[in-house]
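Structural description and commentary
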Amino acid sequence: MTYPQQPYGGFGGYGPPPSPPQKKNTAAIVAVVAAVVVVLAGLGITGFVAPGFFLSDDDTKTGGGTTTPTPTTTSSEKPDTDGAEDALAVVADGLDGHDTGALRDIACADAEEIVDEAIGDADAITKAELVDTEEVSDDEVMGTVEVTVNDESADFEITVVLADDEWCWQDIRQADGGPTASSEPPEPSTGPSGGEPTASGKPVPAAALTAMQGFLDAINSGDAAAAKGTLCEDAINTPEDVDELVGYDPDLRIDPSMDGIATGEQSVQLYLRGTAKGQDLEGYSTNLWVTSYDGAWCVHAFRAVVI
């Protein structure tokens, strides 16, 4: 999931980005702000996985601050942490079953923005399993969830807190140990010829390539307005992310030597190469994802990992 040149962090760091979801994500996605990082970057997930599709020049991402708020309780008695374990189980089961409704219900009202990103990327997850829990304090419990995307796995720390006498999901971040499937980042997969772009071993629809090239031409020429016009209505990236990328003076192009990812006939993700912010980008550090769920092909997400 790229990952190599970045921290999953935003889920950043090792491996290729997650596979695009198999169906349209209709949930409102707040992903990627000024310095977007993907929780599943380690897996390559958008993010969440992020883990992967996000613009980032940071290793970590939070919603409104650099620390996770810890709500206090009004009771003088020690809170029952059994409810925390139940909440963690709901998160793990929701990620495993792509149940975005349950995930949004369990999320705290002031949850870190990365939580919303993780929910938006749930469709890309192959498997999620709660493997450990740890009581941080009377009103904060952390669970370790092993997340698998395709054949790559990584551990993520899920934080639940007690707010208004209810346990809710506050934060998620990749565990320090990084990906569990391998100690070394995977080698990039390559296309069959290195000539025409492919996704999952198949030719990319001409209309999808046209949409991608239109976006790349716009950002490379500094035309942020034109690039924003290519974004899908439910795009993960925001117009502000486009402005940030254009500000990096990019020169990016599709890399036909790497086989992209296709999910069905309406979702294609290809890898890019070139420069941004004066840095050379290639491999899993940059990609572009287009979909046609609403008819015409449009940009659902993009990622360019710079420091």
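Quick summary incoming for the structure in this document. Keep in mind that this is a model prediction, so the values were computed, not measured. (Residues numbered from 1 in each chain as written. Predicted model: local features only at pLDDT ≥ 70, side-chain atom pairs only at ≥ 80, totals over all residues. Heavy atoms only, no water.)

Of all the 7 residues making up strand E14 (residues 298-304), 7 are buried; the element is thus mostly covered by neighbouring parts of the structure. Alignment of strand E13 (residues 286-291) against E14, held across 6 bridges, turns out to be antiparallel. The residue bridging Thr-286 from the neighbouring strand is Ala-304, located in E14. Where E13 folds back onto E14 in an antiparallel hairpin, the turn is made up of 6 residues, including Gly-295, whose phi is positive at roughly 120°. (Buried < 20%, exposed > 50% of the residue type's maximum accessible area, 1.4 Å probe, protein only. Helix = DSSP H or I, 4+ residues; strand = E, 2+ residues; numbered from the N terminus. Pairing = 2+ DSSP bridges.)

Covalent bonding between the sulfur atoms of two cysteines defines a disulfide. Tallied over the entire structure, the rule returns 2 disulfides. Covalently, Cys-108 is tied to Cys-168 through a disulfide, its sulfur atoms 2.0 Å apart. Here Cys-108 and Cys-168 share a disulfide; its torsion about the S-S bond, 95°, makes the bridge right-handed. Pair noted here: Cys-108 is in the loop between helix H2 (100-106) and helix H3 (113-120) and Cys-168 is in strand E6 (residues 166-179), with a separation of 60 residues, a long-range link. (Disulfide = S-S within 2.5 Å.)

Let us now look at the nonpolar core. Looking at soluble globular proteins, one finds that nonpolar side chains tend to be buried together. Formed by 33 residues in total, the largest nonpolar core has its most connected members in Phe-215, Leu-216, Ile-219, Val-268, Leu-288, Val-290 and Phe-302. The set of elements that each furnish at least two residues to this core consists of helix H4 (206-220), helix H5 (224-228), helix H6 (239-247), strand E9 (251-254), strand E11 (267-276), E13 and E14. In terms of residue count, H4 provides more of this core than any other element does, 7 residues in total. (Core = buried A, V, L, I, M, F, W, Y, C linked by side-chain atoms within 4.5 Å.)

What follows is about the pattern of salt bridges. One pass over the structure, following the stated rule, counts 6 salt bridges. The residue Asp-243 makes a salt bridge to Lys-228 at a minimum N-O spacing of 3.0 Å. Placement of the pair is Asp-243 in helix H6 and Lys-228 in helix H5, with a sequence separation of 15 residues. If you follow the salt bridges from partner to partner, you end up with Asp-255, Arg-273 and Glu-282 in one network. (Salt bridge = Lys/Arg side-chain N within 4 Å of Asp/Glu carboxyl O.)

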